[in-house]
Amino acid sequence: MDEAQKKTDFLDYLSVLVKWRRFIIINVLVVTVIAVIASLTLPKWYRATASVLPPKEPDMLGSLGAASSVLRGLSGARALRGLGQSQGAYNYFAILKSRTAMEAVVRRFDLFQVYEVSDTSMEKAVRALAGNTAFETGDDDNITIEVLDKDPQRAADMANYFVEVLNDISLKLGTQEAKNNREFIEKRLEKSREDLHQTEEALQEYQEKSGIIVTIDPSTPGVSAIAELYGMKAKKEIELAILKRTVTADNPLVKQAELELRELDRKLSTFPGVGIESLRLYRDLAIQQKIIEFLVPLHEQAKVDEQKDVPVLLVLDKAIAPERKVKPQRSLIVFLAGTLSLFFFVLLAFLLHGLARRGGELRPLESKLHGYAWWIAARYKVQLA
């Protein structure tokens, strides 16, 4: 196609736009005015945001993690030091999105009426609330709670109430886990005390029968070292058992605890058995005492955790009533309506122009469209000749 032909086509297109300018301008203005009126009637929505920090030590595994320090001198432990130790006991986002949390907010603010749920359906109200909330993790590992509502003060109150609900549910779950941990450690402690009692009786019986009073220096390497490692093993077994009930089996912390436990077993296997009866009894006594020394602090810590009633989350920013709306974006609505309507009516003008200029025999449908195009052209005073 040469330059002359291109210029002719351009002038033809421009001629069509000039002829149909009234049709295009009037309809675009009508659509734009309707968009303005519609945007003014839409309700204003406000966004309130609260920000919280998860606790540094969400569960008692933080104290159990100190047991790994005894393995610093063992092979393979150094490679595990780079693994993270801190993991939340619960998924706070799962709590926030749970039906329990959503229903608590719905009831607290009577969202059946706010969202105009006519049949007071909890499912519909929860679904509407979920669509007006957002939970995200910030760059500093903080959790942001965003709530959209037509009332700015209610939006802020709902965001702050989500923090309260999150605290309450987290505290309840944490207390329940601490209770389970306390019961687990308590059973192990009772078993160790029974074993200690039996060992003491066996040692006393041996002394009475043999007439030998066993007095061995506690610092004897063959006894103290074994007792220390057995105590560490008992503590590591408790840590592993709690981890397996808290996180998944393929979690790095579980793998690390299993490796450390195997390392302890390997270390214990290097100690030769003590053949002398008195040394064997004394060794068993020292081992049971060391195990109890490890278990008693854990048991006390578990009892303290079970009684905790303080908030588990730190509030960084409390939600306040927003001053500016976030939607509707009236200028954007009007701009999109005007732009899209302009494209639509320009294309429609070319289509109507082509239909009106068609000649020859027409089919019934084509004849109707041809007549409709001429009617619009006449109404907007379009000169087709």
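Keep in mind it's a predicted model, so treat the numbers as computed, not measured.

Participant: What exactly am I supposed to notice about the nonpolar core here?
Facilitator: Inside soluble globular proteins, nonpolar side chains tend to come together where they are buried. With 35 residues, the main nonpolar core has Val 105, Val 106, Leu 111, Leu 129, Met 158 and Phe 162 as its most contacted residues. Counting only elements with at least two residues in this core, the list comes to β1 (46-53), α4 (92-96), α5 (99-108), α6 (111-114), α7 (122-131), β3 (143-149) and α8 (152-210). Sorting elements by how many residues they give to this core places α8 first, with 10 residues. Not counting the four nearest positions on each side in its chain, Leu 129 is found in contact with Met 102, Val 105, Val 106, Leu 111, Tyr 115, Met 158 and Phe 162. Residues Phe 23, Leu 355, Ala 373 and Ala 377 belong to the second largest nonpolar core, which totals 15 residues.

Participant: I keep staring at the sheet that holds strand β4 (residues 314-317) and nothing clicks. Help me out?
Facilitator: In any sheet, the strands associate via hydrogen bonds between backbone groups, in a parallel or an antiparallel arrangement. Taken together, 4 strands build an open sheet; the order of strands is β2-β3-β1-β4 and the sheet is antiparallel. Of all strands in the sheet, those bounded by a partner on one side alone are β2 (133-137) and β4. Strand after strand, the sheet turns through a mean of 25° between neighbouring axes, direction not considered. Of the pairings in the sheet, the one linking β1 to β4 comprises 3 bridges and is antiparallel in character. Looking at the pairing, Ser 51 lines up with Asp 317 of β4.

Participant: Honestly, the pattern of salt bridges in this entry has me stumped. Any pointers?
Facilitator: Close approach of charged atoms allows side chains with opposite charge to pair. Inspection of the entire model under this criterion finds 5 salt bridges. One salt-bridge network, in which partners are shared between bridges, spans Arg 99, Glu 103 and Arg 107.

Participant: Can you help me understand the confidence of the model for the protein in this one?
Facilitator: Interpreting fine coordinate detail is not advised for predicted regions of low pLDDT. Summing up the model confidence of the protein, the mean pLDDT is 75 and the portion of residues at 70 or higher is 72%. In the model of the protein, helix α3 (residues 61-64) stands out as the element of lowest mean pLDDT, 42, in contrast to α5, which has the highest, 92.

Participant: I tried to follow the environment of Gln 383 on my own but got confused; where do I start?
Facilitator: Turning to its location among the elements, Gln 383 is positioned in the segment after α13 (364-379). Residues Gln 383 and Val 16, 367 residues apart in the sequence, show an inter-C-alpha distance of 9.7 Å.

Participant: Looking at this model, I keep getting lost on the side chain of Asn 132. Mind explaining?
Facilitator: Here Asn 132 is to be found in the loop between α7 and β2. Classification of Asn 132 as buried rests on a relative accessible area of 12%. Excluding residues that lie within four positions of it along the chain, Asn 132 makes contacts with Trp 45, Tyr 115, Glu 146, Val 147 and Leu 148.

Participant: It is not clear to me how a nonpolar patch on the surface should be interpreted in this structure. Could you clarify?
Facilitator: A cluster of nonpolar residues, Phe 10, Leu 11, Leu 14, Leu 17 and Val 18, forms a patch on the protein surface that exposes about 430 Å² of accessible area. With respect to the secondary-structure elements, Leu 14 resides in helix α1 (residues 3-19). A relative accessible area of 40% places Leu 14 in the partly exposed class.

Participant: Can you help me understand helix α12 (residues 330-356) in this one?
Facilitator: Side chains of residues three or four places apart in an α-helix project in the same direction, reflecting 3.6 residues per turn. For α12, spanning 27 residues, the distance from its first C-alpha to its last is 38 Å, which sits close to the expected 39 Å at 1.5 Å a residue. Among all positions of α12, only Arg 330, Ala 337, Gly 338, Ser 341, Phe 345, Ala 349, Leu 352, His 353, Leu 355 and Ala 356 are buried.

Participant: Would you take a moment to explain the packing of helix α2 (residues 21-41) against α12 for this structure?
Facilitator: Between two packed helices, both the angle of their axes relative to each other and the distance between the axes serve to describe the pair. For the pair α2 and α12, interaxial distance at closest approach is 8 Å and the crossing angle is 155°. As judged from the angle between their axes, α2 and α12 are roughly antiparallel. Of the two possible hands of crossing, α2 and α12 adopt the one that is right-handed. Counted together, Phe 23, Ile 24, Asn 27, Val 28, Val 31, Thr 32, Ala 35, Val 36, Ser 39 and Leu 40 of α2 and Arg 330, Ile 333, Val 334, Ala 337, Gly 338, Ser 341, Leu 342, Phe 345, Val 346, Leu 348, Ala 349 and Leu 352 of α12 form the full contact between these two elements. In the contact of α2 with α12, the residues fall into 16 nonpolar, 5 polar and 1 charged.

Participant: For this particular structure, what's the right way to read the packing of aromatic side chains?
Facilitator: Two descriptors summarise a pair of aromatic rings, namely the distance from one centre to the other and the angle between the planes of the rings. Counted under the stated rule, the structure contains 5 aromatic pairs. With a centroid separation of 5.8 Å and 80° between ring planes, the pair formed by Phe 23 and Phe 345 is classed as edge-to-face. Of this pair, Phe 23 sits in helix α2 while Phe 345 sits in helix α12, and the two are 322 residues apart along the sequence. Here the aromatic rings of Phe 135 and Phe 162 are separated by 5.4 Å at their centres, their planes lie at 70°, and the arrangement is edge-to-face. Within this pair, whereas Phe 135 is found in strand β2, its partner Phe 162 is found in helix α8, the two being separated by 27 residues in sequence. Each member of the pair, Phe 135 as well as Phe 162, carries the same accessibility label: buried. Here the guanidinium or amino end of Arg 108 rests over the ring plane of Phe 109, the centre of that ring lying 5.1 Å away.

Reading the values: the criteria
Residues numbered from 1 in each chain as written. Predicted model: local features only at pLDDT ≥ 70, side-chain atom pairs only at ≥ 80, totals over all residues. Heavy atoms only, no water. Core = buried A, V, L, I, M, F, W, Y, C linked by side-chain atoms within 4.5 Å. Buried < 20%, exposed > 50% of the residue type's maximum accessible area, 1.4 Å probe, protein only. Helix = DSSP H or I, 4+ residues; strand = E, 2+ residues; numbered from the N terminus. Contact = heavy atoms within 4.5 Å. Pairing = 2+ DSSP bridges. Axes fitted to C-alpha atoms, helices over the stretch in contact; angles between N-to-C directions. Salt bridge = Lys/Arg side-chain N within 4 Å of Asp/Glu carboxyl O. pLDDT = per-residue confidence, 0-100. Patch = residues over 30% accessible without salt bridge, like charges linked within 9 Å, V, L, I, M, F, W, Y side chains within 5 Å. Areas by Shrake-Rupley, 256 points an atom, 1.4 Å probe, with all protein chains shown as cover. Expected span 1.5 Å × (residues − 1). Parallel < 35°, antiparallel > 145°, perpendicular 65-115°, else oblique. Left-handed = near helix turned anticlockwise from the far one by under 90°. Nonpolar A, V, L, I, M, F, W, Y, C, P; charged D, E, K, R; others polar. Phe/Tyr/Trp six-rings, centres within 6.5 Å; stacked < 30°, edge-to-face > 60°. Lys NZ or Arg CZ within 6 Å of the ring centre and 35° of its normal.

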